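# An overview of the molecular structure
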Amino acid sequence: MSALLSTHGLIAGYGDMRALHGIDLRVDPGETVALIGANGAGKSTLLRAIMGLLPVAPDMIRLDGKPVGGSAPHRMVREGLAIVPEGRRLFTGMSVEENLRVASEHAADPVAEPWTLERVYALFPILKEKARISVENLSGGQQQMVSIGRALLAQPRLLLCDEISLGLAPKVVREIYAALPEISANGTALVLVEQDVGLAQRASQRLYCLLEGRVTLHGQSGEIARDAISAAYFGASHALD
Ligand SMILES: Nc1ncnc2c1ncn2[C@@H]1O[C@H](COP(=O)(O)OP(=O)(O)OP(=O)(O)O)[C@@H](O)[C@H]1O
């Protein structure tokens, strides 16, 4: 199968500070890939670089085999990418429904069945009840649902999710993760940045581990042993016995 998205020796950073030192990653159409690694490993930077939020060379990122590195974020959205950013970044002072509608204006061509407000409400029924409420009055979990719904209304072929479980109660995390198979069933590929390694393994088909801006492990999520993950996550010298 040819990759939907691939990165090739991807280098990115902030000013003089290089955060990624040559990342090779592949995401196939419709698959779920988890991205794990300690704080500061470069996971968010990788998502930002893919999304066009950091300058990178064209050949370092390919979409459908075509070089797209460094394209403007709005162009990446048109090409079928969307991001659920760290910290959710909702528009405060606007209602749930207004936040959701924002994305529709710049949407890509739908992969399969288009996402509509009604479909997002079916996925997260609480959002329908809160449709007219200003987003700052929602719980963290509900805000995360709005952020995911907003990204879905951009009709992504590839949805990049940055720590969607962060700071949420286990019950809410389960509720949000339970929605992911339905998103995949629509043909959307997912990249999940996730701190909870067990959750990352269960929710994905393949997994990449980053350490200090490099890939230290990748493979089929169900086949990677825990000690291999520990070694890749912390560095071999810190591996668990
Ligand atoms: N806006 C920024 N300006 C300068 N340096 C940054 C910026 N954002 C991240 N960094 C640095 O880039 C490196 C990678 O950070 P990044 O946020 O990508 O890691 P991460 O794996 O997503 O970690 P976390 O789980 O803490 O979000 C770190 O050294 C971090 O300090």
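Residues numbered from 1 in each chain as written. Predicted model: local features only at pLDDT ≥ 70, side-chain atom pairs only at ≥ 80, totals over all residues. Heavy atoms only, no water.

## So, the overall build of the protein
- Across its full length, the protein holds 9 helices and 10 strands.
- Structurally, the protein occupies a C-alpha span of about 50 × 40 × 35 Å along its principal axes.
- Looking at the protein as a whole, 53% of its 241 residues are labelled buried.
- In the protein, 68% of the contacts between residues at least 6 apart in sequence involve partners at least 24 apart.
- Element-wise, carbon and sulfur atoms account for 52% of the exposed surface of the protein, whose accessible area totals about 11000 Å².
- Seen as two clouds, the 23 positive and the 26 negative side-chain charges of the protein have centres 2 Å apart. (Helix = DSSP H or I, 4+ residues; strand = E, 2+ residues; numbered from the N terminus. Buried < 20%, exposed > 50% of the residue type's maximum accessible area, 1.4 Å probe, protein only. Contact = heavy atoms within 4.5 Å. Areas by Shrake-Rupley, 256 points an atom, 1.4 Å probe, with all protein chains shown as cover. Lys, Arg positive; Asp, Glu negative; His and termini not counted. Charge placed at Lys NZ, Arg CZ, Asp CG, Glu CD.)

## What about the site of the ligand?
- Near the ligand you find 15 residues, and of these G40, G42, K43, S44 and T45 are the closest.
- G42 places a main-chain nitrogen or oxygen 2.9 Å from an oxygen atom of the ligand.
- One of the side-chain N or O atoms of E163 is found 2.9 Å from an oxygen atom in the ligand.
- Burial of the ligand by the protein amounts to 62% of the accessible area it has alone, namely 630 Å².
- Of all the secondary-structure elements, those providing two or more residues to the shell around the ligand are strand 2 (17-27) and helix 1 (43-51).
- Sorting elements by how many residues they give to the shell around the ligand places helix 1 first, with 4 residues.
- Here the shell around the ligand is built from residues that sort into 5 nonpolar, 6 polar and 4 charged. (Near = heavy atom within 4 Å. Polar contact = N/O pair within 3.5 Å; in protein donor to acceptor, adjacent residues only side chain to side chain. Nonpolar A, V, L, I, M, F, W, Y, C, P; charged D, E, K, R; others polar.)

## Digging into the nonpolar core
- Among the nonpolar cores identified, the biggest contains 67 residues, and L5, L10, L35, L46, L158, L159 and I183 are the most heavily contacted of them.
- Counting residues per element, this core draws most heavily on helix 7 (residues 170-185), at 6 residues.
- Those residues within four positions of L5 in sequence are excluded, and the remaining contacts are L25, R26, V27, I50, I61, R62, L63, L81 and L158.
- Counting residues in hydrophobic clusters, the runner-up holds 10 residues, among them I36, L207, L217 and I229. (Core = buried A, V, L, I, M, F, W, Y, C linked by side-chain atoms within 4.5 Å.)

## Overview of the environment of P55
- Summarising the element assignment, P55 is placed in the loop between helix 1 and strand 4 (61-63).
- We classify P55 as exposed; its relative accessible area is 72%.
- Between the C-alpha atom of P55 and that of H106, which follows or precedes it by 51 residues, the distance is 22 Å.

## What to know about the pairing of strand 10 (residues 214-220)
- Note that strand 9 (residues 206-211) and strand 10 share 6 bridges and pair antiparallel. Its bridge partner lying in strand 10, C209 is registered against L217. (Pairing = 2+ DSSP bridges.)

## A word on the side chain of N186
- Looking at where N186 falls in the secondary structure, it is placed in the loop between helix 7 and strand 8 (189-193).
- In this structure the side chain of N186 is engaged in a polar contact, spanning 2.9 Å, whose partner is the backbone oxygen of E113.
- Among residues more than four places away in sequence, those in contact with N186 are V111, A112, E113, W115 and R119.

## Notes on the sheet that holds strand 5 (residues 66-67)
- Across the sheet, 4 strands lie side by side as 2-1-4-5; this open sheet has antiparallel pairing. Of all the strands in the sheet, the pair left with one neighbour each is strand 2 and strand 5.
- Pairing geometry for strand 1 (residues 5-14) and strand 4, over 3 bridges, is antiparallel. Following the sheet pairing, L5 is matched in strand 4 by L63.

## Brief notes about helix 6 (residues 140-152)
- Look at helix 6: 18 Å from first C-alpha to last across 13 residues, which is about the 18 Å you get at 1.5 Å a residue.
- Most of helix 6 sits inside the fold, with 12 of its 13 residues counted as buried.
- Of the residues making up helix 6, those classed as buried are G141, Q142, Q143, Q144, M145, V146, S147, I148, G149, R150, A151 and L152.
- Looking at the buried positions of helix 6, the neighbouring elements they touch are strand 6 (81-84), helix 3 (96-104), helix 4 (117-123), helix 5 (125-129), strand 7 (158-162) and helix 7. (Expected span 1.5 Å × (residues − 1).)

## Brief notes about unusual backbone geometry
- Notably, D64 is not glycine yet its phi reads approximately 50 degrees, a positive angle.
- Tracing the backbone shows D64 in the loop between strand 4 and strand 5.
- Of the residues examined, D64 reaches a relative accessible area of 39% and is grouped as partly exposed.
- Of note in the backbone geometry, E212 takes a positive phi value of approximately 45 degrees without being a glycine.
- Note that E212 resides in the loop between strand 9 and strand 10.

Everything listed is a geometric property; what it means functionally is a separate question.
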